[in-house]
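Observations on chain architecture
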Amino acid sequence: MSLAKLISGTQVANEIREALKQQVCKWKSVLPTFAPGLRIVQVGAREDSNVYIRMKIKAATEIGIDVRLVQLPRSITQIELLDKIFNLNNDPSVHGIIVQMPLDCETKIDSHKITDAVSPDKDVDGLHTINEGRVSIGDLGGFMPCTPWGCIELIKRSGVKMEGANAVVLGRSKIVGTPAANLLKWYNATVTVCHSKTKNIADICRAADILVVGIGVPEMVKGSWIKPGAVVIDCGINVKPDPSKKTGTRLVGDVDFEEAKVVASAITPVPGGVGPMTVAMLMQNTVRSAFTAAENLLQKAWDLAPLTLKLVKPVPSDIVIARSQTPKDISLLAQEIGLIGNEVSQYGNKKAKISLSAIDRLRPRGNGSYVVVCGITPTPLGEGKSTTLIGLVQALGAHLHRNAMACLRQPSQGPTFGIKGGAAGGGYAQVIPMEDFNLHLTGDIHAVTAANNLLAAQLDTRIFHESTQEDKPLYERLVPKIKGERKFSKIQLRRLQRLGINKTDPDSLANEEITRFARLDIDPDTIMWERVVDVNDRYLRQITVGQSPTEKGLSRPASFSISVASEIMAVLALASDLEDMKQRLGRMVVAFSRAGEPVTADDLGVTGALTVLLKDALEPNLMQTLEGTPVLVHAGPFANIAHGCSSIVADEIALKLVGKEGFVCTEAGFGSDIGMEKFCNIKCRSSGRYPNAMVLVATVRALKMHGGGAPVTPGAPLNRQYTEENLQLLEKGIPNLLQHISNGHKFGMPVVVAINGFSEGGAGCLDLANAVIKACEKSNNFKLLYQNEMPLLDKLNTIAQNMYGAAKVELTPDAEKTMQKLTKAGFGNLPICMSKTSASLTGDAKIKGAPKGFTLTVQNFYVSAGAGFVVAMCGEISKMPGLPTRPCIYDIDLNTETGIIEGLF
């Protein structure tokens, strides 16, 4: 009598696990930091559950899976458990989640709701309704339930052909019977499912070529139920008394093994049959999920669906064009470009903030080509720099199918309501929705305003309290007793360290140390910190603060700036992460003491509070172009008094998202002499990222103006010189273009000149896009214009001579005095931020073209220590614009019936 062949699940499972181990090792050679992540969620601590968990942890560890047990107390509520699962769903290091059943809890928890809370993409148990549904309709591309999948693998190993075979599944449980029947059906077996209500079960079973048993009754299936030569897969596991065993019990299946083995051709033992396969298939699902995540991470091309432009002649207004296009849901765009759930915080469905955590996750993708877009010396005619940049990324992304992102500054609301109107590009190259772009967006500028003014309030308040109190009472109020104990805060301990006072007990300071600690002794005449508001308000250019009788005569002259002129905006744009932003905020110099020492935000105790106000503002904002390509909008520092570029973190996220073969196009404000120079010498110096190419935007009309064309008045008809061909004027204006080309070459960048014909979206920028691609293929020979160690005056001359065509820089006596003061205070090694007119290469806005050999006068300096540069003032630059006689506000309105904003542009 021949006995049935044993189908060893243990052997097959070992083979599967060894293969998985090799696959994980192979992926680690591609991604050294890669590891499949598995989390086992257990509520309570049932011993039978602990046995299974230990098996899973052991198998996972041997394969190279990062497996962790998330053990939760029996007292956990359903809401708390769902929250834990939500966090695991959004953790990119987790690829598989198992919720160990049954839940050992004191409160009522719906187990079905819990299993369905696990993301289908991480449901490696295959128990989510979506994954179960996919199996039921024959879609085997998702995660299959582990035990039934293990059964299928064992049947394959038995040598029995499933196609055309009669298969009987005994049991219809959600976990085993029903999915096993579905899988057999999709492997083309003819399937019958038996359950507790089925009549003549034994007769039905005797007709089976393949018998899968998961009924939960010990040794229910007898030898007489089995067709001779059938394959028997026993999914049951039961404890049966056995006095012959030391434990007094033994494990048996749902099939009477001793009877079945003399009838069947092949059979799985219990234990050692289906059980090890369940764990093996769980591991296979986990590794497969991790590989999918790794492949998505390294995927070269986005699955981007562009939006189609509907071109109209004559071209309508910008707002009409913008509203004729329906933007994608921002969550869809985020998914298309490779962002995942916890990295995207939606503000409605058309804009979102992007978490800086994306940078670390995307690091293995490498960085794309980095392109800076700037212009010739600006004119009132406008060169269309932003429009060209947006058209360029639309061409690259929507037409040439390259991964491409634009990085733009957020516009101030001041010009939006003043004379300029919106700043979202123009024509068929715009960021949409333009209303969101030009107004509050996600509130970053408001956060900067609040932080700036909190610091201003603390500055004046500190002067007031120091002026009205003696040393000891002042100290005791700064370090008050709370519940009988006096303690320094963390920021106060940092101040003690800077003062060289190595004490932590407030009661141990000597009188002299108390005075040094408590008194900043700010000289009001040196205050550099101004209050800000995001409105053009000329009457705030010069004010007096402290006129209330409560301020005891401590008034002083002061002024407001527009919010984007705040140093905090520059800090936001230059910070590399939250910690870097915090350190920069603390270093901001607001004034000097009467002894000539710089007074910082950290000295005022406000660093942590500023960071709290700005923590969300540090995340860039995701929007889209008219053709559905991605745009990151972030930060908006002035280009004349600050560096005029969007943020480092926006560029960093974009460079990772596009990957090595993609393109990030970012804008530098005004002409190359101002915006591009600062982009390179300040922003790139800080970030360590160097551009691969420069796009220089010009128009024929603007070049004519630099060639001596008639003055242009906004709103007035253009002189015929600009509307008709005039090669003589154009030729005279070319030197301005050549100077800006030379500026790019001085930094070692290839320069692509874009003559803006105000084209038709991406299609109109295809030649430019192809030229940019070729430019980026050249070797990167980027170099900074000067080194930090150069004296401030040498840096000034280097910039003026190379970027402007000047012969030399001349300092006023005030500037000479301030430069020496800043150098003595330790700020001489900072880069220079030139604050000069953008309307000319010289310091005189009236002078057009490209004059040579002139002298540039620097009136004074001030330090932006947090941003990390010294500002050289070359003439009067207003930091608070004013409204014109007829500002844009006359045209802006809200239709209260439709909710549509009217007259914005």
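Values in this document were obtained by computation on a predicted structure and should not be read as measured data. (Residues numbered from 1 in each chain as written. Predicted model: local features only at pLDDT ≥ 70, side-chain atom pairs only at ≥ 80, totals over all residues. Heavy atoms only, no water.)

**Considerations on the environment of Thr 461**
With respect to the helices and strands, the residue Thr 461 is situated in helix H17 (residues 444-468). Looking at Thr 461, its side chain comes within polar contact range of the main-chain oxygen of Ala 457, at 2.6 Å. (Helix = DSSP H or I, 4+ residues; strand = E, 2+ residues; numbered from the N terminus. Polar contact = N/O pair within 3.5 Å; in protein donor to acceptor, adjacent residues only side chain to side chain.)

**Quick look at the sheet that holds strand S3 (residues 66-72)**
Strand pairing in a sheet is mediated by backbone hydrogen bonds. Such pairs are either parallel or antiparallel. Reading across the sheet, the three strands line up as S3-S2-S4 and stay open at both edges, with parallel pairing between neighbours. Two strands in the sheet have a free side with no partner beyond their single neighbour: S3 and strand S4 (96-99). Neighbouring strand axes in the sheet, compared pairwise and without regard to direction, differ in orientation by 15° on average. Where strand S2 (residues 37-43) meets S4, four bridges bridge the pair, whose relative direction is parallel. What sits directly across from Leu 38, in S4, is Gly 96. Of the strands in this sheet, S2, S3 and S4 are in contact with helix H2 (residues 47-63), which crosses S2 at around 170°. Sheet strands in contact with helix H3 (residues 78-89) are S2, S3 and S4, and its direction is about 175° off that of S2. (Pairing = 2+ DSSP bridges. Axes fitted to C-alpha atoms, helices over the stretch in contact; angles between N-to-C directions. Contact = heavy atoms within 4.5 Å.)

**What about empty space enclosed by the protein?**
The method is simple in principle: a probe with the dimensions of a water molecule rolls over the atoms, and the space it marks as empty is what remains. Summed over the entire model, instances satisfying the criterion amount to one cavity of 30 Å³ or more. Approximately 50 Å³ is the volume attributed to the largest cavity. Taken together, Ile 97, Ile 98, Val 99, Thr 115, Val 118, Asp 123, Asp 125 and Leu 127 make up the full set of residues lining the largest cavity. Per-element tally for the lining of the largest cavity: the top contributor is S4, with three residues. Residue composition of the lining of the largest cavity, grouped by class: five nonpolar, one polar and two charged. (1 Å grid on protein atoms, 1.4 Å probe; cavity = no way out; pocket = protein on both sides within 12 Å on 5 of 7 lines; lining within 4 Å. Points joined across faces, edges and corners; volume = space filled by probe spheres on them. Nonpolar A, V, L, I, M, F, W, Y, C, P; charged D, E, K, R; others polar.)

**A few points about the packing of helix H25 (residues 672-687) against helix H28 (residues 727-746)**
Axes are the key here: two packed helices are described by the angle between their axes and the distance separating the axes. Remark: H25 packs on H28, axes separated minimally by 10 Å, with the N-to-C direction vectors making an angle of 10°. Comparing the axis directions of H25 and H28 gives the class roughly parallel. Of the residues in H28, those touching H25 at Ser 672, Asp 673 and Met 676 are His 740, Asn 743 and Gly 744. (Parallel < 35°, antiparallel > 145°, perpendicular 65-115°, else oblique.)

**Digging into the UniProt feature "domain: Tetrahydrofolate dehydrogenase/cyclohydrolase catalytic" (unreviewed entry) in the protein chain**
Using the residue numbers shown here, the UniProt feature "domain: Tetrahydrofolate dehydrogenase/cyclohydrolase catalytic" (unreviewed entry) corresponds to residues 7-125. The span residues 7-125 is 49% helical and 15% strand by assignment, and the distance between its end C-alpha atoms comes to 23 Å. (UniProt positions renumbered as here; feature names shortened; annotations may be inferred.)

**Describing H3**
Helix length check: H3, at twelve residues, gives a terminal C-alpha distance of 16 Å against a target of 16 Å (1.5 Å per residue), a fit within 8%. Among the residues of H3, Gln 78, Leu 81, Ile 85, Leu 88 and Asn 89 are the ones counted as buried. Around the axis of H3, the buried residues are gathered within 105° of arc, so they sit on the same side. Opposite the packed face of H3, turned more than 90 degrees from it, sit the exposed residues Ile 79 and Phe 86. (Expected span 1.5 Å × (residues − 1). Buried < 20%, exposed > 50% of the residue type's maximum accessible area, 1.4 Å probe, protein only. Arc of directions from axis to C-beta.)

**Here we look at a nonpolar patch on the surface**
Taken together, Val 51, Tyr 52, Met 55, Ile 237, Val 239 and Leu 251 make up a surface patch of nonpolar side chains, about 520 Å² in accessible area. Of note, Leu 251 is situated in strand S10 (residues 249-252). For Leu 251, a relative accessible area of 38% gives the class partly exposed. (Patch = residues over 30% accessible without salt bridge, like charges linked within 9 Å, V, L, I, M, F, W, Y side chains within 5 Å. Areas by Shrake-Rupley, 256 points an atom, 1.4 Å probe, with all protein chains shown as cover. Salt bridge = Lys/Arg side-chain N within 4 Å of Asp/Glu carboxyl O.)

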